[in-house]
Amino acid sequence: MSLLLDAKALEARRIVATGSLAPLAHGLREELAPVLSGSVAIPRDKALLSRVGGRCPLDGTLLRFDPIDPRHICPRCGTEATGEPHDRFRPYWYQLWLSERVLHAAVLGVLLDDGACIARASELLDRYAQRYLEYPNRDNVLGPSRPFFSTYLESIWLLQLMLALDLLETGAPSVATSALGARARDRLIGPSAALIASYDEGMSNRQVWNDAALLGAGILLGRESLVESALHGRSGLHALLRDGVLDDGSWYEGENYHLFAHRGLWYGVQMATHAGRGLSRELASRFDEGFASPFRTLLPDLTYPSRRDSQYSVSVRQPRFAESCELGVARIEDPRLLGMLARLYDGATPRREIGRASSTADVERNLPSTSLTRADLSWRSLLFARAELPPLTPTPLRSDLLPGQGVGIIRRENGEVYVALDYGHSGGGHGHPDRLNLLLSDGAARWFDDPGTGSYVDDTLHWYRSTLAHTAPLVDGRSQPRVHGELLAFDDRSGEAGWIRARAELAPGCEVRRAIVVCEDYLVDLLEWEAAEPHELALPMHGVRARAVDGSPLSSMRAAIEGGAAREDGFSFLQETARLLVERGAPLDVVGERSVGSARRQLRGWIVPPPDATCWAAAAPGAPGNDRQQMLLVRAVAARGALLSVWSWRGMLASIDATSSELRVIRMDGRIDLHVARADGWHITSDRPTARTIALGGIVAPVAREVVSSAEGRQAPSVDAHRLPARFSLGAEHYRRSEDEWAEAGGPEGTVAIARERGEIIVVVDVPRSDRNFVAIDAQNPYDNEPAVINGDGVQLYVSVAQRRGGWLLVPTAASNDVGVKAVEGWSGEFRIHATWEASAHGYVLTARIGIPESVTAIALDVLVNETPRTRVRRRGQLVLSGARGEFVYLRGDRHDIDRLVPFSLEPA
């Protein structure tokens with residue numbers, strides 16, 4: 001059975017490829033020249049992810065990938081980088097590029113009856129079948145893989161190769177093709193599918209690609225069980241469409257991951273439909289809505305908002321977004337998609353490099369916006385796009401509400417002004433703690449922006465994942481917990497006024513509400529909180545500064561801004577911090593400035609802080625690739641309170657006058673708008689030219705939402721407390737693996753003995769077999785932003801006593817009996833600890849003594865033993881006292897959930 005199209009359908013597409021889409025086919029054929037000439041080869045090395053590999057050593061920019069020129073050139077500054085980390089990173093891009101070229105050759109060979117393309121696709125497939133098992137399955141970052149360092153990358157790569165083989169078998173069958181198919185199934189597809197199937201990533205955008213690859217493999221291998229699991233398994237295609245795609249058609253992790261996940265879903269839907277196993281009407285509707293949903297939140301400059309773990313300022317004017325519209329229109333004639341195609345094909349943007357010749361399958365490399373035509377699309381359009389499009393008319397960008405995603409957008413001036421409140425879904429593992437986040441853009445001027453995320457292996461990742469990096473409230477100096485927010489009201493009288501109001505519980509029992517009221521040329525922002533006990537509420541505002549009435553800088557006093565100590569609380573990234581000396585209760589006059597081309601834009605604001613609030617200034621990191629910028633932080637402590645601000649982007653306001661019950665906004669021409677919040681909504685009364693009141697309603701009943709927690713954060717089953725002394729043997733059921741299961745890893749074992757002696761808890765960890773591959777406790781990690789010592793032999797120890805807890809990385813020092821100690825971030829380290837070690841015949845014994853008061857009668861404790869053979873650069877796995885529970889070690893770093901700790905009673909027996 002074929003994967004995408006049968007022989008009859010391919011014959012029909014030959015007519016399209018040599019007719020209306022001939023320019024597309026011709027362009028793809030020209031780009032295949034290096035492959036057809038035999039000047040490319042399959043990489044011998046496995047790809048390696050490191051902190052420096054693939055990035056400019058001067059400015060961190062992602063280095064150019066040129067499939068023909070192997071030099072590592074920075075596209076920003078022209079620097080050429082050299083060295084093994086860059087050489088080892090290059091196969092990541094190259095493998096994906098080459099697998100896509102194999103597919104291009106197969107598509108063009110079949111559609112154009114091109115013998116050279118068919119021969120080259122067949123040859124490269126055969127070479128991959130020979131080479132695949134020679135790649136080592138080790139040192140991976142996110143799931144097992146042979147050519148790559150993450151499973152989902154192998155899934156994308158395998159999918160390209162399987163589709164190429166399937167097209168050859170369907171469109172150019174021969175004895176040679178049959179023999180090739182048998183070898184590829186035996187040496188490549190079967191082994192790779194088994195590896196992919198071993199790692200289920202749950203409700204992740206990456207699992208979409210794993211399912212697509214497994215579905216294709218199941219069909220080609222004739223394995224019904226594999227097909228059934230890929231479609232209907234716990235994390236199969238149907239579950240992802242039901243639970244990962246929200247009611248409004250958006251992927252729960254936001255626009256960036258929606259675009260990535262939806263492409264993977266497209267493969268799955270196409271293959272399932274072709275196999276006669278199509279979706280239910282409900283799931284098909286969600287999938288189809290997913291073509292349009294990311295365009296609904298576009299910023300005025302036609303870039304995506306950089307919400308959550310997104311790349312910053314990604315333009316929609318790139319070929320893959322045009323193709324998404326084309327593939328959507330091929331399924332259903334959605335006017336929103338046709339309207340977006342009208343914009344993408346309007347020729348209003350200068351023509352730039354589209355990047356298709358160096359594209360890397362479905363792993364995107366974003367480029368600047370460019371003018372586009374249908375000739376810039378990909379092989380998918382050759383097989384599925386309409387032969388001719390209906391007339392294209394651009395549709396305006398309108399105010400919108402995505403209730404599933406939890407984003408409300410109000411637009412003004414024909415879409416040039418954009419105001420959004422990001423209140424709802426937390427976004428899962430790629431979400432940021434930024435519920436009730438405000439975004440404001442005026443054309444290309446981004447006033448209140450979301451910075452997205454830079455590199456996953458750079459320390460700045462922790463800043464971008466902090467509440468402090470957003471225009472969102474934080475409570476008690478810490479980033480928000482992982483919660484969903486709730487919509488309270490949405491109403492927009494286009495051209496007049498509109499509002500968005502939402503709430504979120506940002507600390508236990510502390511409800512925070514935010515209302516954004518948007519008028520013609522200004523907005524009102526009302527932030528309120530209410531709790532049984534006092535809490536500190538803070539609101540950061542980036543790119544603006546407070547000033548005196550005469551426009552001069554406010555007096556200030558250099559001082560540290562105190563806040564949460566965890567890196568993802570964000571405070572450690574602030575520089576030049578100062579407390580502003582402001583008059584108690586007086587409104588702050590605030591201004592922001594931006595350069596947009598040759599023009600200078602200004603944002604004017606007035607902030608009415610709560611009584612006894614403090615105001616702070618700092619230099620904070622800008623968006624990825626941008627300089628630092630000014631940040632204003634207003635903080636207040638109370639059980640309930642409100643922070644009011646008014647922002648004008650057109651310079652039409654003179655002043656404001658606020659009381660506890662109403663707000664008067666005075667315009668430059670003397671007109672006054674009176675704002676009053678009431679139980680039935682928000683009322684705005686203008687005094688001229690005639691008195692008129694606008695009542696904004698749209699109030700909805702809030703729906704109770706539960707706090708989102710990761711799988712690791714779920715409450716552990718309750719168990720009886722162990723009594724001391726206690727001794728535990730660690731083996732197969734305690735092994736948290738990477739690529740190898742316990743037996744394949746050599747059966748790592750250990751014992752943990754715990755006793756109490758006077759004012760100490762003594763933990764003795766005996767590791768009988770170890771390479772004693774100890775990494776210095778203060779070593780720098782060359783691979784990612786986790787502590788370097790986790791990728792060596794050593795112990796992670798966690799202790800909790802009542803509300804106090806401590807966590808440490810313990811690593812023997814090879815030249816002595818000393819043990820290096822490093823506190824784990826997020827664990828307070830309030831206990832005294834001392835550790836020593838000694839070598840055993842083939843391993844080591846580590847003894848840790850933790851100071852615990854004699855009065856303590858109960859503790860909770862966990863021990864994790866990392867093991868890293870010297871043949872690896874990343875740990876192979878770890879033994880976990882509390883049990884591995886079938887988990888993998890990937891991405892865990894030194895993080896551990898307090899609910900996992902094992903309880904112990906210190907009461908006398």
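Residues numbered from 1 in each chain as written. Predicted model: local features only at pLDDT ≥ 70, side-chain atom pairs only at ≥ 80, totals over all residues. Heavy atoms only, no water.

**Digging into unusual backbone geometry**
Selection rule: Helical segments are the DSSP runs of H or I of at least four residues, strand segments are the runs of E of at least two, and each set is numbered from the N terminus.
Residue P725 is reached from L724 by a cis peptide bond, and omega for that bond is 0°. Position of P725 relative to the elements: it lies in the loop between β25 (722-723) and β26 (726-730). Here the phi dihedral of R772 falls at roughly 50°; this positive angle occurs in a residue that is not glycine. Looking at where R772 falls in the secondary structure, it is placed in the loop between β29 (760-767) and β30 (794-801).

**Considering the pairing of strand β5 (residues 417-422)**
We count it as follows: Three exposure classes are used, based on accessible area relative to the maximum for each residue type with a 1.4 Å probe and protein chains only: buried under 20%, partly exposed in between, and exposed over 50%. When DSSP finds two or more bridges between two strands, those strands count as paired.
Counting buried positions over the six residues of β5 gives six, a clear majority of the element. Going residue by residue along β5, you find V417, V419 and L421 tucked away on one face and Y418, A420 and D422 tucked away on the opposite face as well. Pairing analysis gives six bridges linking strand β4 (residues 407-412) to β5, with the strands arranged antiparallel. Within β5, the position partnered with V407 by the bridge is D422. Where β4 folds back onto β5 in an antiparallel hairpin, the turn is made up of four residues, including E413, whose phi is positive at roughly 55°.

**Some thoughts on helix α2 (residues 22-31)**
Note the threshold: The arc under discussion is defined with respect to the helix axis, by the directions toward the C-beta atoms. We call two residues in contact when some of their heavy atoms are within 4.5 Å.
Of the residues making up α2, those classed as buried are L24, A25, G27 and L28. Down the axis of α2, the sector holding all buried residues measures 160°, keeping them to one side. Along its buried surface, α2 packs onto α1 (7-17), α4 (84-111) and α15 (379-384).

**A look at the state of the cysteines**
The line we're drawing: The disulfide criterion is simple: two cysteine sulfur atoms within 2.5 Å.
Tallying each qualifying case throughout the model produces zero disulfides. Free of any disulfide, C510 has its nearest cysteine sulfur in C615, 19 Å distant. Relative accessible area serves as the criterion here: at 0%, C510 is assigned to the buried category.

**Points about the nonpolar core**
For clarity, the threshold we go by: Nonpolar core, defined: a set of buried Ala, Val, Leu, Ile, Met, Phe, Trp, Tyr and Cys residues in which side-chain atoms within 4.5 Å join the residues together.
Ranked by internal contacts, the top residues of the largest apolar core, which has 130 residues, are Y92 and L382. The element contributing the most residues to this core is α4, with 15 residues. With residues up to four places along the chain from it excluded, the contact list for Y92 reads A47, F148, F149, L153 and V363. Counting residues in hydrophobic clusters, the runner-up holds 49 residues, among them V789, V795, W808 and V819.

**As for the sheet that holds strand β28 (residues 750-757)**
Under the convention used in this document: What counts as an axis is a line fitted to C-alpha atoms, over the stretch in contact for a helix, and the angles between N-to-C directions run from 0 to 180 degrees.
Read from one edge to the other, the open sheet built from five strands follows the order β26-β28-β29-β34-β33, with strand pairing classed as antiparallel. Of all the strands in the sheet, just β26 and β33 (833-839) have a single pairing partner and so form its edges. Going from strand to strand, the sheet's axes swing by 15° on average, the running direction of each strand aside. For β33 and strand β34 (residues 844-851), the ladder comprises seven bridges, and the chain directions are antiparallel.

**Observations regarding the pattern of salt bridges**
Just so we agree on the cut-off: Salt bridges are identified by distance alone: a Lys or Arg side-chain nitrogen within 4 Å of an Asp or Glu carboxyl oxygen.
With the rule as written, the count across this model stands at 76 salt bridges. For D442, the salt bridge is made with R601, and the minimal N-O distance between the two is 3.4 Å. Here the residue D442 occupies a position in strand β6 (residues 437-442), and R601 occupies one in strand β17 (residues 599-608), the gap between them amounting to 159 residues. Look at D442 and you get buried, because its relative accessible area is 2%. We note a salt bridge from R503 to E486, for which the minimum N-O separation is 3.0 Å. One end of the pair, R503, is in strand β10 (residues 497-507); the other, E486, is in strand β9 (residues 486-493), with 17 residues separating them in the sequence. Taking relative accessible area as the criterion, E486 reaches 9% and is therefore assigned buried. Ionic contacts of the salt-bridge type, sharing partners, join the residues E255, R307, D422, D434 and R435 into one network.

**A word on the pairing of strand β37 (residues 902-905)**
On a regular strand, one side chain projects to one face of the sheet and the next to the other, so that they alternate. Bridge analysis of β25 against β37 gives two bridges, and the strand direction is parallel. Of the residues in β37, the one forming a bridge with H722 is F904. Bridge analysis of strand β35 (residues 858-867) against β37 gives four bridges, and the strand direction is antiparallel. Each bridged residue has a counterpart across the sheet, and for A858 the counterpart in β37 is S905.

**Some words on the environment of T871**
Along the chain, T871 turns up in the loop between β35 and β36 (877-880). Given a relative accessible area of 62%, T871 falls into the exposed group. Residues T871 and R138 lie 733 residues apart in sequence; the distance between their C-alpha atoms is 9.5 Å. Excluding residues that lie within four positions of it along the chain, T871 makes contacts with R138 and D139.

**A word on the confidence of the model for the protein**
Which entries qualify depends on this criterion: Across the chain, each position has a pLDDT score giving the predictor's confidence in that residue, from 0 to 100.
For the protein, mean pLDDT is 94; residues scoring 70 or higher make up 98% of the total. For the stretch residues 704-718, pLDDT sits under 50, and the model shows 24 contacts to residues farther than four places along the chain or on other chains.

**Description of the environment of A823**
Counting through the fold element by element, A823 comes out in strand β32 (residues 819-823). Considered as a pair, A823 and W808 are 15 residues apart in the sequence and their alpha carbons are 4.4 Å apart. Setting aside residues up to four positions removed in sequence, A823 forms contacts with G807 and W808.

**Description of the side chain of N140**
Let me state the cut-off plainly: The term polar contact refers here to a pair of N or O atoms within 3.5 Å; inside protein, the definition further demands a hydrogen-donor-capable atom paired with an acceptor-capable atom, and it admits residues adjacent in sequence only when both atoms are side-chain atoms.
With respect to the helices, strands and loops of the structure, N140 is situated in the loop between α5 (115-131) and α6 (151-171). Note on N140: relative accessible area 4%, which makes it buried. Within the structure, N140 has its side chain in polar contact with the side chain of K46 (distance 2.8 Å). A distance of 2.9 Å separates the side chain of N140 from the side chain of E739, its partner in a polar contact. If sequence neighbours within four positions are ignored, N140 has contacts with K46, S145, F148, F149, S150, E739, R874 and Y890.

**Remarks on the packing of aromatic side chains**
Basically, it comes down to this: Here a Phe, Tyr or Trp ring, Trp counted by its six-membered ring, pairs with any other such ring whose centre lies within 6.5 Å, and the pair is stacked when the planes are under 30 degrees apart, edge-to-face when over 60, and tilted otherwise.
Tallied over the full model, the rule gives 28 aromatic pairs. Centroid distance F287 to F291: 5.2 Å. Interplanar angle 70°. Geometry classified as edge-to-face. Pair noted here: F287 and F291 are both in helix α12 (residues 281-292), with a separation of four residues, about one helical turn. Each member of the pair, F287 as well as F291, carries the same accessibility label: buried. In this structure an aromatic cluster arises from ring pairing among Y152, W209, F260, W266, Y267, W379 and F384.

**Thoughts on the packing of α5 against α6**
Quick reminder of the rule: Roughly parallel means an angle under 35 degrees; roughly antiparallel means over 145; roughly perpendicular covers 65 to 115; every other angle is labelled oblique. With the far helix as reference, a near helix turned anticlockwise by less than a right angle produces a left-handed crossing, and one turned clockwise produces a right-handed crossing. Residue classes follow a fixed rule: Ala, Val, Leu, Ile, Met, Phe, Trp, Tyr, Cys and Pro count as nonpolar, while Asp, Glu, Lys and Arg count as charged, and any other residue, Gly among them, counts as polar.
Packing of α5 against α6 leaves a shortest axis separation of 10 Å and a crossing angle of 130°. In terms of their interaxial angle, α5 and α6 are classed as oblique. Classified by chirality, the crossing of α6 by α5 is left-handed. Here I118, A121, S122, L125 and Y128 of α5 come into contact with α6, specifically with W157, L161, A164, L165 and L168. The residue inventory of the contact of α5 with α6, partitioned by class, reads nine nonpolar, one polar and no charged.

**Focus: helix α14 (residues 335-344)**
Judged by how many residues are buried, α14 sits mostly within the fold: seven of ten residues are covered. Among the residues making up α14, those that are buried are L337, L338, G339, M340, L341, A342 and L344. Contacts made by the buried residues of α14 are with α12 and α13 (319-331).

**Digging into the packing of α5 against helix α7 (residues 175-197)**
Taken N-terminus to C-terminus, the directions of α5 and α7 make an angle of 30°; their axes are 8 Å apart at the nearest point. By the criterion of interaxial angle, the relationship of α5 to α7 is roughly parallel. Handedness of the α5/α7 crossing: left-handed. When α5 is examined against α7, the residues S122, L125, D126, Y128, A129 and Q130 are found in contact with a partner set consisting of L180, R183, A184, R187 and L188. For the contact of α5 with α7, the residue count by class is six nonpolar, two polar and three charged.

**Describing the sheet that holds strand β7 (residues 445-448)**
What links the strands of a sheet is backbone hydrogen bonding, and the strands pair in either a parallel or an antiparallel sense. Read across the sheet, five strands follow the order β3-β4-β5-β6-β7 without closing on themselves; strand pairing throughout is antiparallel. Sheet topology places β3 (400-402) and β7 at the edges, where each strand pairs with a single neighbour. Ignoring strand direction, the axes of neighbouring strands in this sheet form an average angle of 15°. In the sheet, β5 pairs with β6 via six bridges, with the strands oriented antiparallel.

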